[in-house]
Amino acid sequence: MNDDTSSDAGRVVLLTTSHRVAPGLLSWQAWQVLHAADDVLCADSEHPQLPYLKEAGVEVTLGTPAARDLVERCADGGRTVVVLTTAEGDRRLTDGLATLAGSGRVAMPSLELLPGSYDLPGARLLDLVQVMDRIRRECPWSALRTHEDLAKYVIEEAYELVEAIEAGDREELREELGDVLLQVVFHARIAEEDTEEPFSVDDVAGGIVDKLIHRHPHVFGDESAATPEEVREIWLRKKAESKQRDSVTDGVPVGQPGLALAAKLGSRVRTAGLDVPVPEGEDVGAELLALALRAEASGVDPEAALRAAARAYRDAVRAAEGLQRVSGA
């Protein structure tokens, strides 16, 4: 058994990089280690960092030895070997090094995992854009889809998301949020191909970023808002400034469910300080409209309230069916 300490057996640095960060953008510590290393190894001849390392004067040897060979390469002591890998690392190499270290029979070099670049929050969205690009190019079904084809799926996915929220199912919520996000990315990808007015997912994201900053001057500007009510007042004022609408009803989508439509119209009318009576009539539509307006004015979402009541009614139906089956048996 070799009792040499790891400090006498050299140093191995596993330098990981993320493909979601522009090549060449490495941490200062990573550049220092690369320039000081005796050897820099990389198994991937197509690694995006290689041209930038070459430009910086860092010589890279293609190929990564097995764990034992790497340890032997450091046997002269003080030798630093950098192995350039992806963010996920080289599982075969790390497992092999762990096995040698656990055996107790090998003088192990000092081992260090050094992230050379980090994923920022939202980095996986880049993966989604890349995957969507490839699907649009190579999938026969996806390649033919239009905005009009996909419109119904946007509605379906939105309803499934609402259902997951109301059910309190966290796993379902995560999945349904992904499905809604897919619709956004899919539509943006289709929009890039428009010959007259193309726009990309970056334009979509840039637009909503600008809107959020504009409508939150209490966060990004000099205004102040201490209560949710004050925030709402600022939001509505900024929205009115940008929209310049002729009517408070402009921009209300009439294709939404009836109760939600009634509540949205009621909210717009109430916020504007208008007094508009419900159209006269004894039909059911007028009664439902009046009920929805009263609910909205009292702070109740009539659409959500009706769905909750409908779910309770569904459960009561199922319970009654169960009793009927038992009694029938």
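## Describing the nonpolar core
Judged by nonpolar contacts, the single largest core of 16 residues is most densely connected at Leu15, Leu34, Leu53 and Val82. Of all the elements in the fold, those that place two or more residues in this core are strand 1 (11–17), helix 1 (28–36), strand 2 (39–42), helix 2 (50–55) and strand 4 (80–86). By residue number, the principal contributor to this core is helix 1, which donates four residues. Look past the residues within four positions of Leu53 in its chain and what remains in contact with it is Leu26, Trp31, Leu34, Val58, Val60 and Leu84. Grouped together as the second largest cluster of nonpolar side chains are 14 residues, Val12, Leu41, Val83 and Leu97 included.

## Overview of a negative patch on the surface
Taken together, the side chains of Glu156, Glu160, Glu163, Asp169, Glu172 and Glu175 define an acidic patch exposed on the protein surface. Elements represented by at least two residues in the negative patch include exactly helix 6 (147–167) and helix 7 (170–191). Take the negative patch: its biggest share by element is three residues, from helix 6. Among the structural elements, Glu175 can be located in helix 7.

## What about the pattern of salt bridges?
Going through the model one piece at a time under the given rule, you end up with 19 salt bridges. A salt bridge links Glu193 to Arg189; the nearest nitrogen and oxygen atoms lie 2.8 Å apart. Connected through shared salt-bridge partners, Arg20, Asp119, Arg124 and Asp127 make up one network.

## Examining helix 5 (residues 124–138)
Its 15 residues place the ends of helix 5 21 Å apart at the C-alpha level, agreeing with the 21 Å of an ideal helix rising 1.5 Å per residue. Three or more residues of helix 5 are buried, namely Asp127, Met132 and Arg136. All buried residues of helix 5 fall inside an arc of 165° around its axis, so they share one side. Turned more than 90 degrees away from the buried face of helix 5 sit Arg134 and Arg137, all of them exposed. For helix 5, the secondary structure elements touched by its buried residues are helix 7.

## Regarding the sheet that holds strand 4
The five strands are arranged 3-2-4-1-5 in an open sheet whose pairing can be described as parallel. Every other strand in the sheet has two partners, leaving strand 3 (61–62) and strand 5 (110–115) as the edge strands with one partner each. In this structure, strand 1 lies alongside strand 5, joined through six bridges in parallel fashion. Bridge pairing in strand 5 places Val13 opposite Glu112.

## Some details on a positive patch on the surface
Residues Lys211, Arg232, Lys243, Arg245 and Lys264 make up a contiguous surface patch of positive charge. Mapped onto the fold, Arg232 is located in helix 10 (residues 228–243).

## Examining a nonpolar patch on the surface
Among the surface-exposed residues, Ile208, Val209, Leu212, Ile213, Val219 and Phe220 lie close enough to one another that they form a single nonpolar patch of about 530 Å² accessible area. Sorting the residues of the nonpolar patch by element identifies helix 8 (201–214) and helix 9 (217–220) as the ones contributing at least two each. With four residues, helix 8 is the single largest residue contributor to the nonpolar patch. Residue placement: Phe220 occurs in helix 9.

Here is what the cut-offs are and how they apply
- The residue numbering used here restarts from 1 in each chain and proceeds along that chain's sequence as written.
- It should be noted that, the model being predicted, local features are given only for residues of pLDDT at least 70 and side-chain atom pairs only at 80 or more, the latter also being counted only at that level, while totals for whole chains, interfaces and linings use all residues.
- Heavy atoms from the whole structure form the basis of all side-chain values; hydrogens and water molecules are not counted.
- Think of a nonpolar core as a cluster: buried Ala, Val, Leu, Ile, Met, Phe, Trp, Tyr and Cys residues, connected wherever their side-chain atoms sit within 4.5 Å.
- Throughout this description, buried means an accessible area under 20% of the type-specific maximum (1.4 Å probe, protein chains only), exposed means over 50%, and partly exposed covers the range between.
- Strands are runs of DSSP state E lasting at least two residues, helices are runs of H or I lasting at least four, and both sets are numbered from the N terminus onward.
- Here, residues are in contact when the closest pair of their heavy atoms is within 4.5 Å.
- Residues with no salt bridge and a relative accessible area higher than 30% make up the patches, which join like charges within 9 Å and nonpolar side chains (Val, Leu, Ile, Met, Phe, Trp, Tyr) within 5 Å.
- Here the open area of atoms and residues is found with the Shrake-Rupley method and a 1.4 Å probe, where only the protein chains shown may cover a residue.
- Any Lys or Arg side-chain nitrogen found within 4 Å of a carboxyl oxygen on Asp or Glu counts as a salt bridge.
- For the charge count, each Lys or Arg is scored as positive and each Asp or Glu as negative, with His and the chain ends excluded.
- The atoms used to mark charge sites are NZ of Lys, CZ of Arg, CG of Asp and CD of Glu.
- Expected helix span is taken as 1.5 Å per residue step, with the number of steps being one fewer than the number of residues.
- Of all possible arcs, the one meant is that of the directions from the helix axis to the C-beta atoms.
- Being paired, for any two strands, means DSSP has found at least two bridges between them.

Functional significance is not addressed by these values, which are geometric in nature.
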